[in-house]
Structures are given as C-alpha cells and as structure tokens.
Amino acid sequence: MNFATKLLHGSTTLDPATGASSVPIYQASTFHQADLEQPGAFDYARSGNPTRQALEEAIAALEGGERGFAFASGMAAISGVFMLFSAGDHIVVAEDVYGGTYRFLTRVLSRMGIEVTFVDTTSLEAVQAAITPATKGLYLETPSNPTLKVTDLEAVCRIAKRHDLLVIVDNTFLTPYYQRPLEWGADVVVHSATKFIGGHSDVVAGLAVTRSASLGEQLYLIQNGIGAVLGVQDCWLVMRGLKTLKARLDVSSRSAGQIACWLTQHPAVEKVYYTGLPEHEGHLVQERQSSGHGAVLSFDVGSKERAKQVLHNARLPLVAVSLGAVESILSYPAMMSHAAMPQEERESRGITDGLIRLSVGLEDVEDLLADLAQALHDLPPVELDTEAKKTFSRA
Ligand SMILES: *Cc1c(COP(=O)(O)O)cnc(C)c1O
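Residues numbered from 1 in each chain as written. Predicted model: local features only at pLDDT ≥ 70, side-chain atom pairs only at ≥ 80, totals over all residues. Heavy atoms only, no water.

### Here we look at the overall build of the chain
Quick note on the threshold: The way it works is that DSSP assigns letters per residue, a run of H or I at least four long becomes a helix, a run of E at least two long becomes a strand, and they are numbered from the N terminus. With C-alpha atoms as the basis for the radius of gyration, the globule rule is written as 2.2 Å multiplied by the number of residues raised to the power 0.38. Every residue pair with non-hydrogen atoms within 4.5 Å of one another is taken to be in contact. In these tables, accessible area is a Shrake-Rupley quantity obtained with a 1.4 Å probe, and a residue counts as shielded only by the protein chains included in the view. Counted charges follow a simple rule, with Lys and Arg positive, Asp and Glu negative, and His plus the chain ends left uncounted. Note that the charge is assigned to NZ on lysines, CZ on arginines, CG on aspartates and CD on glutamates.
The number of helices and strands found in the chain is 15 helices and 12 strands. For the chain, whose C-alpha radius of gyration is 21 Å, the value lies close to the compact-globule estimate of 21 Å for 395 residues. Oriented by its inertia axes, the alpha-carbon framework of the chain measures out at about 75 × 50 × 35 Å. The long-range share in the chain, meaning contacts at least 24 apart out of those at least 6 apart in sequence, stands at 72%. Of the roughly 16,800 Å² of accessible surface on the chain, 53% is carried by carbon and sulfur atoms. Taking the average place of the 32 positive charges on the side chains of the chain and the average place of its 45 negative ones, the gap between the two points comes to 1 Å.

### Quick word on the packing of aromatic side chains
Aromatic ring pairs: the centre-centre distance and the angle between the two ring planes describe each pair. Stated formally: Stacked, edge-to-face and tilted are the three classes for Phe, Tyr and Trp ring pairs, Trp counted by its six-membered ring, which pair at centre distances within 6.5 Å; planes under 30 degrees apart are stacked, over 60 edge-to-face, the rest tilted. Relative accessibility under 20% of the residue-type maximum defines a buried residue, over 50% an exposed one, and the middle range a partly exposed one, all with a 1.4 Å probe and only protein chains included.
Per the stated rule, a full pass over the model turns up seven aromatic pairs. When the centroid spacing of 6.3 Å and the interplanar angle of 40° are considered together, the rings of Phe82 and Phe85 count as tilted. The same class applies to Phe82 as to Phe85, namely buried. Each residue in the set Phe82, Phe85, Phe104 and Tyr139 is aromatic and connected to the rest through ring pairs, giving one cluster.

### With respect to the nonpolar core
How we decide: Definition of nonpolar core: a set of buried residues of the types Ala, Val, Leu, Ile, Met, Phe, Trp, Tyr and Cys, connected through side-chain atoms within 4.5 Å. Segmentation of the chain into domains, including their bounds, is taken from an automatic or database domain assignment.
By size, the foremost hydrophobic cluster in this structure holds 53 residues, and its most contacted members are Leu55, Leu138, Val167, Val238, Leu242 and Leu245. Here this core gets six residues from one element, more than from any other, and that element is helix α2 (residues 50–63). Counting contributing residues, this core receives three or more from each of domain 1 (3–242) and domain 2 (245–391). If sequence neighbours within four positions are ignored, Val167 has contacts with Leu138, Leu140, Cys157, Ala160, Lys161, Ala186, Asp187 and Val188. Within the second largest apolar cluster, 29 residues are counted, among which are Leu263, Ala334, Leu358 and Leu376.

Here's what the structure looks like:
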C-alpha cells in the first residue's frame with residue numbers, strides 16, 4: 001500500500017466490532033474481567049485502551065516500527081524515551097534540539113546523573129569526537145529548528161552502531177510521510193503530534209515508535225509506569241488528523257517551496273532557510289533521505305525592528321508558538337522558542353534578531369504571497385550584494 005492509502009486503511013479507520021467508519025472513543029477507565037484465569041486484552045486504561053491502541057498501531061505501521069506509543073504531549077513522549085537511559089549514561093544530542101527538549105535535558109535529566117553533550121550533528125567528525133566510553137545514546141532532530149540544518153541519518157547511524165548507541169530521532173517536522181528514520185538505522189522515533197500529525201492546532205499529543213519489540217517492551221514499562229498517556233478523546237482527534245496528513249502536507253509543502261523561492265528574490269529579505277532550495281547546505285542530503293522538504297521555512301529580515309514590523313503587518317498567519325497546522329503560523333524564535341538562549345549563542349546558531357519562521361498552512365498560496373508582500377512592503381531593501389543573498393548557509 002502507498003502512504004495515503006495506508007493512512008485511510010490502517011488501524012485508525014474501521015471499528016472491527018461494529019464496522020463504524022472511525023474507531024470509537026472508548027471512554028472507559030477499566031474493563032470487566034469475566035474470567036480471572038483468562039484476562040481480557042484490556043484491564044485498566046492507563047495500561048491500554050482500544051482507542052489509544054488503534055492510534056499506537058497506526059503510527060508504528062507508518063514509521064515502519066514494531067511498537068507505537070501515544071503520550072500526553074510531545075514532551076511526555078520525549079522525556080519518556082529518555083527514561084530508557086540510566087544514571088552514569090552519556091548522550092550526544094543535536095545542538096539545536098527543540099527548546100523543551102533542551103530544557104528537560106539540562107534542568108531535569110541532569111539531576112538524574114545522565115550527562116549530555118550538545119554537538120552540531122551535521123558534522124560527522126563532531127559526532128564521532130563527542131562519543132566517550134560512557135555514551136549510550138544519540139538524539140537527533142533533522143531538519144532542525146529554526147534554521148533547518150540537515151543531519152545525514154544513514155551516516156550518523158553508522159557511527160552510532162559502531163559504538164552500540166541507541167539512536168532517537170525527533171521526526172516532528174517531516175512526519176513519516178516524508179522521512180522514516182527507522183529505515184536509516186534509528187532505533188526510536190518521537191513526534192510532537194501537536195504539529196503536523198494532529199494538524200489542526202486543536203490537540204496536544206506525543207507519539208513514539210520503537211524499531212524492535214524488545215525496546216517496545218522497555219518503553220511500554222515506562223509509559224505505563226509514568227502514566228503520561230494520551231486521553232482517548234485526544235487519541236481520536238489525532239487519528240482524525242492523521243487521515244489527511246498526506247493531502248495537507250502535499251499542499252503546504254508545495255506552497256512553502258513557492259514562498260521560499262519568492263522570498264529569495266525579495267529585496268527586504270537577507271537570507272532564506274528551506275531545504276528545498278538547491279542552495280541550502282543540506283539540500284542534497286535531504287533529497288537523499290527524505291521524499292519532501294516539508295512546510296516550514298525561515299527567513300531573515302535583518303533586525304528586530306524589521307522582524308517586529310513584519311509580524312505586526314501580516315494579516316493571514318497566526319503569530320504564535322507552534323507549527324504544522326491547517327492555518328499558517330509565523331513565529332519569532334529570538335523571543336519565543338529561543339528566548340532563554342544567551343544572545344551570543346543564539347546568533348552563532350543563525351538564530352538572529354531578524355529571523356522569522358513560517359509554517360505554511362492550507363491557505364491559497366496567492367493570498368499568502370500577497371500578504372507577505374504587503375507585510376514586507378515598508379521595509380527598505382537590505383544592503384547586500386547578490387552574491388551574499390544567494391548564500392543560504394547558516395551564519
Ligand atoms: C513542539 C515540539 C516538541 C514538543 O511537543 P509538545 O507536543 O509541545 O510537547 C518537540 N519537538 C519538536 C520538533 C516540536 O516542534
């Protein structure tokens with residue numbers, strides 16, 4: 001089955017008991033045991049519920065893994081997966097991971113005796129150099145947020161396997177439609193299903209998938225033990241969002257590509273980050289390991305004043321934290337997702353005061369372009385020669 005067909009004829013669609021066209025919301029916390037000697041498939045809803053199970057089976061099938069898990073948020077999934085490690089372990093982590101992941105690692109996990117080193121995972125030498133005898137894991141996000149740096153999954157997984165590391169990939173930005181990290185050798189995939197998978201800015205949810213059944217058993221112990229499971233109504237919403245994932249991403253990504261090209265020509269824009277642009281540093285790796293470039297792009301208008309003006313002028317996109325929804329969302333990393341990062345460190349990662357991130361939704365692209373045109377209209381051209389403008393590399 002191809003991807004869209006899988007979305008519609010996987011475990012999320014038919015209720016085997018009644019033939020209903022969507023899996024019912026089993027609003028039940030416990031299950032009657034008719035025979036104590038032969039317990040039923042479900043006993044208590046933290047441990048398992050048919051609605052949640054349908055979603056967990058669906059995401060496992062889409063990512064090509066053995067076991068899927070639905071958590072109360074992306075961060076619940078991510079922190080749950082980090083519980084696979086033990087005191088004394090060391091983990092190599094991509095330096096520009098999601099802000100919440102960075103906070104969890106530096107403020108919470110560090111108290112549990114688990115050490116972390118942040119590295120630029122686009123450099124294989126840097127990954128290799130960070131591995132110590134205590135290293136047990138490698139945690140990646142590709143493309144990264146907000147400058148969309150691309151990590152070569154196959155190459156880093158090869159290094160990781162030589163050192164017996166558990167490889168975890170946050171696949172939120174691309175979803176299994178465009179990228180399936182388990183196929184390149186990763187062991188666990190995590191998602192904020194709040195974003196593209198849910199897709200409608202109306203639910204907070206997280207998912208995880210393990211490549212092997214034995215890792216699945218370990219993660220199940222953690223999911224059931226910590227108890228941060230996704231409620232059944234939210235499971236249903238995520239399954240509903242999932243059915244249109246391909247249709248939504250096809251449209252949003254096509255528009256994102258057009259907008260990215262348009263922005264590269266705009267005199268008020270200094271730099272554009274989108275992996276679909278041939279000039280993007282990670283373009284070729286992205287083309288090799290993914291089947292699309294996704295719906296998120298970033299662009300730099302040169303200063304905080306100018307960025308604020310654009311955010312103020314834009315009428316169609318929401319100005320908000322988050323991404324991956326039916327409506328377009330503009331966000332301002334310097335004051336939103338990366339506000340806690342010291343300015344120097346932020347700027348060294350290309351997250352300048354002029355950087356704006358755009359998650360492209362399902363509006364007509366002509367309307368989005370017209371809105372961006374008027375939002376950028378008052379900005380004087382940035383003073384850059386054309387050569388510099390063509391460089392889409394990070395700072
Ligand atoms: C939003 C996000 C998360 C966190 O997910 P929540 O559902 O907000 O807990 C993790 N990783 C990435 C890449 C995200 O965008």
